[in-house]
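Examining the three-dimensional arrangement
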Amino acid sequence: MPPELPEIVCRAREMSRRLAGRMITHVEALQPKCLNVPVATLRKALSGARISGVLNRGKWLFVETSKGHLLLNLGMGGEILLVPTDRLPQKWRVRFDLDHSESLAVNFWWFGYAHYVPTAKLGKHAMTAGLGPNALDVSLDDFRALLAGRRGAIKPFLLDQTHVAGIGNAYIHDILFRARLHPLRPISSLSQPEIDGLHAAIRTEFERSIQLGAAFFEVDLDGKPGGFAASDLLVGYRQGKPCPQCGTTVEKIKTGTTATFICPRCQPLRAPSPKRRSTRVKKA
Ligand SMILES: [Zn+2]
């Protein structure tokens with residue numbers, strides 16, 4: 001599973017806390033194809049750079065330094081470890097040596113990147129310039145505006161990083177379940193309460209994971225896995241198990257090119273009838 005917003009938020013906070021003020025003294029790269037500039041250029045650009053903080057945009061880490069930005073994307077199963085330079089892990093692809101004889105050892109398995117971008121050119125970095133706002137930074141009003149007049153189904157819309165950044169295939173199932181939405185519901189069929197519920201579901205799901213230190217399949221700078229376990233999932237990857245809400249068997253269904261895990265009872269494809277909704281409102 002590639003990291004999503006909770007994992008990257010936790011990593012950015014941890015890196016900010018532990019790396020701010022530290023100086024990069026040397027750079028080595030064993031896998032030049034994950035770089036956007038030649039190794040020598042990267043080394044020259046970042047040697048002597050002081051780290052001021054680390055932020056995230058979607059699934060990217062933005063390491064801010066006195067000499068420009070280092071943009072890291074961990075791809076699938078990547079990790080960043082802070083280790084003594086004389087005790088490097090067995091596998092690393094790019095290494096940033098720091099002061100006090102420590103190193104950031106970055107390992108990518110698949111689709112990982114380490115890009116150097118001068119701060120003035122950040123807006124022109126092709127892979128991040130088009131990213132939408134971080135999912136947790138979208139206000140309810142912005143979210144309503146984002147969905148207004150959209151066509152197509154809700155699931156692919158949420159996964160498109162140019163709309164909202166940070167939602168991926170690990171958390172989408174439980175976000176839709178919390179919002180009681182079928183992944184193929186057309187956006188145009190969503191009622192205002194459903195849209196508001198979806199906005200809340202994204203926040204609840206992500207904030208809960210962040211509180212637990214994010215997903216178990218990602219590790220922190222010390223190599224310790226996050227506290228959000230597979231058993232914390234509600235319906236995601238739980239086909240054949242009972243829905244935590246109603247006990248109906250969770251199903252894995254095909255949704256375009258991807259699969260989605262849903263409770264067929266809690267997440268019906270047809271919108272709840274407006275008649276029933278208004279009756280309920282009257283009663284209340
Ligand atoms: Zn259910």
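None of the values given here were measured: they were computed from a predicted structure.

**A few points about the domain arrangement of the chain**
Partitioning the chain into domains gives domain 1 (5–129) and domain 2 (135–283). Here the C-alpha centre of domain 2 lies 31 Å away from the C-alpha centre of domain 1. Every contact between the two is made by 15 residues of domain 1 and, on the other side, 18 residues of domain 2. Secondary-structure elements contributing two or more residues to the side of domain 1 that touches domain 2 are α1 (5–19) and β5 (79–84). With eight residues, α1 is the largest single contributor of residues to the side of domain 1 that touches domain 2.

**A closer look at the sheet that holds strand β3 (residues 60–65)**
The strand order across the open sheet built from four strands is β2-β3-β4-β8, with neighbouring strands paired in antiparallel fashion. In the strand order of this sheet, the two ends are held by β2 (51–57) and β8 (113–117), each with one partner. Strand after strand, the sheet turns through a mean of 20° between neighbouring axes, direction not considered. Pairing between β2 and β3: six bridges, direction antiparallel. Looking at β3, one finds that Asn56 is bridged to Leu61. Across the sheet, α1 lies against β2 and β3, angled at about 175° from β2, the strand it touches most. Running over the sheet, helix α2 (residues 39–46) touches β3, β4 (68–73) and β8 and is turned about 60° from β8.

Criteria and cut-off values
- Residues numbered from 1 in each chain as written.
- Predicted model: local features only at pLDDT ≥ 70, side-chain atom pairs only at ≥ 80, totals over all residues.
- Domains from an automatic or database assignment.
- Contact = placed C-beta atoms within 7 Å.
- Helix = DSSP H or I, 4+ residues; strand = E, 2+ residues; numbered from the N terminus.
- Pairing = 2+ DSSP bridges.
- Axes fitted to C-alpha atoms, helices over the stretch in contact; angles between N-to-C directions.

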